[in-house]
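Here's the letter readout for the chains.
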Amino acid sequence: MKAHTSETQSTITPEKALNFLKEGNQRFVGNLKANRDLLEQVNATREGQWPFAVVLSCIDSRTSAELIFDQGLGDVFSIRIAGNFVNQDILGSMEFGCNVAGSKLVVVLGHTKCGALKGGLDAAKIEGMGMDNLNHLIGHFDPIIKTIIKDDEERSSANADLLERLNQHNVKNAIEEIRKQSSTLKRLEEEGQIKIIGANYDVETGVVTWL
């Protein structure tokens, strides 16, 4: 499998880009890999890059987009932050990937048993540990938690049902924020030049489901 060029990238539609990732995850789950010469791809991309997708995922060591979607050098822009939420810098990176570099797909990828989301649920404990920047990060999830938690429901990472609901809503919220905060990405999606989609990675099975 060769690295993408400007010519091959120009033939890719958002739907085709999505299929590339779906097929790649199927290979991953089947313990198969596309035949790639990575050093050849290094050489092929030395003058430029033409990724077909932008993937926003968590920093979790089990959720590397290139691995779980079986992609090579120059295939995807990989943006990673604990809890896979968006901010202005991440939106700027997405705008570069799609509007400048020509990517056709934006994926917000959550995952089961997310440590950052667990931290959001256990915020009271985290706050007592004196980690100011981590406290700031997990604070991003508090508005979602307050929206989805049921009356008298336990707010704890031990509450597996609440944790998974938070995971799903966090992905959906990120997509809403992309469309709300980036007029560029919203326009590209409305024009059919890109697709913005959510997904969830199961750390127990390796399977990606599409939301």
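Residues numbered from 1 in each chain as written. Predicted model: local features only at pLDDT ≥ 70, side-chain atom pairs only at ≥ 80, totals over all residues. Heavy atoms only, no water.

1. What about the overall build of the chain?
So the rule is basically this: Helix numbering and strand numbering both begin at the N terminus, where a helix is a DSSP run of H or I of at least 4 residues and a strand a DSSP run of E of at least 2. The size measure is the radius of gyration over C-alpha atoms, and the globule rule it meets is 2.2 Å times the number of residues to the 0.38 power. The buried label goes to any residue with under 20% of its type's maximum accessible area, the exposed label to any with over 50%, and the partly exposed label to all in between, with areas taken from a 1.4 Å probe on protein chains only. Residue contacts are defined here by distance: any two heavy atoms, one from each residue, within 4.5 Å place the two residues in contact. Two residue types count as positive, namely Lys and Arg, and two as negative, namely Asp and Glu; His and chain ends fall outside the count. Where a charge lies is defined by one atom per residue type, namely NZ (Lys), CZ (Arg), CG (Asp) and CD (Glu).
Each helix and strand in the chain was counted, giving 11 helices and five strands. A compact globule built from 211 residues would reach a C-alpha radius of gyration of about 17 Å, and the chain, at 18 Å, matches this within 12%. In the chain, buried positions account for 49% of the 211 residues. Excluding contacts between residues fewer than 6 apart, the proportion of contacts in the chain whose partners are at least 24 apart in sequence is 71%. Between the mean site of the 23 positive side-chain charges and the mean site of the 29 negative ones, the chain shows a separation of 3 Å.

2. Things to note about helix α2 (residues 14-29)
Condition: Each helix should span, by expectation, one fewer than its residue count multiplied by 1.5 Å.
For α2, with 16 residues, the first-to-last C-alpha span of 23 Å sits near the 22 Å given by 1.5 Å per residue. When α2 is considered as a whole, its buried residues turn out to be Pro14, Ala17, Leu18, Leu21, Gly24, Asn25 and Arg27. The secondary structure elements touched by the buried residues of α2 are β1 (53-57), α4 (65-68), β2 (76-80), β3 (105-111), β4 (195-201) and β5 (208-210). Immediately beyond the C-terminal end of α2, within one or two residues, lies Asn31, with a positive phi of roughly 60°.

3. Some remarks on a nonpolar patch on the surface
Convention followed: Patches in this entry comprise residues that are over 30% relatively accessible and not in a salt bridge; like charges within 9 Å are linked, as are nonpolar side chains (Val, Leu, Ile, Met, Phe, Trp, Tyr) within 5 Å. Note on areas: Shrake-Rupley, 1.4 Å probe, and residue coverage restricted to the protein chains presented here. By salt bridge we mean one thing: a side-chain nitrogen of Lys or Arg within 4 Å of a carboxyl oxygen of Asp or Glu.
On the surface, a cluster of nonpolar side chains totalling about 390 Å² of accessible area is made up of Leu38, Leu39, Val42 and Leu73. By secondary structure assignment, the location of Leu39 is in helix α3 (residues 38-44).

4. As for the pairing of β4
To keep things clear, this is the line we draw: One bridge is not enough; two strands pair if DSSP finds at least two bridges between them.
Within β4, six of the seven residues are buried, which leaves it mostly tucked inside the rest of the structure. The pairing of β3 with β4 spans seven bridges and is parallel. Opposite Leu109, over in β4, you have Ala199 as the bridge partner. Sheet topology note: the β4/β5 ladder contains three bridges and is antiparallel. Considered in β5, the bridge of Asn200 is made with Thr209. Linking two consecutive strands that pair antiparallel, namely β4 and β5, is a turn of six residues; a positive phi of about 85° is found at Gly206 within it.

5. Re the sheet that holds β2
Which entries qualify depends on this criterion: Axis lines are fitted to C-alpha atoms, over the contacting stretch for helices. Their N-to-C directions set the angle, which ranges from 0 to 180 degrees.
On the basis of which strands lie adjacent, the open sheet formed by five strands has the order β2-β1-β3-β4-β5 and mixed pairing. Across the chains shown, the open sheet's two edge strands, defined by having one partner strand only, are β2 and β5. Neighbour to neighbour, the strand axes of the sheet diverge by 25° on average, direction disregarded. Inspection of the sheet shows β1 paired to β3 by five bridges, in the parallel sense. Across the sheet, the residue bridging to Ser57 is Leu109, located in β3.

6. A word on the nonpolar core
Applied cut-off: Among the buried residues, those of types Ala, Val, Leu, Ile, Met, Phe, Trp, Tyr and Cys that are joined through side-chain atoms within 4.5 Å form a nonpolar core.
In this structure, Leu56, Val86, Met94, Val106, Phe141, Ile178 and Leu185 are the most contacted members of the largest nonpolar core, which totals 38 residues. Considering each element in turn, this core owes the most residues, seven residues, to helix α10 (residues 160-181). Discounting chain neighbours no more than four positions away, the residues touching Val86 are Leu56, Leu91, Met94, Ala174, Glu177 and Ile178.

7. Quick look at the pattern of salt bridges
Enumeration according to the criterion identifies 11 salt bridges in this entry. In this structure, Arg179 and Glu189 form a salt bridge, with 2.8 Å as the shortest nitrogen-oxygen distance. With Arg179 in helix α10 and Glu189 in helix α11 (residues 183-190), this residue pair connects regions lying 10 residues apart in the sequence. Connected through shared salt-bridge partners, Arg27, Arg36 and Asp70 make up one network.

8. Quick look at the environment of Ala17
Relative to the helices and strands, Ala17 is located in helix α2. Its relative accessible area of 0% is what places Ala17 among the buried residues. A sequence separation of 34 residues divides Ala17 from Pro51, and the C-alpha atoms of the two residues are 9.8 Å apart. With residues up to four places along the chain from it excluded, the contact list for Ala17 reads Ile12, Phe52, Lys104 and Leu105.

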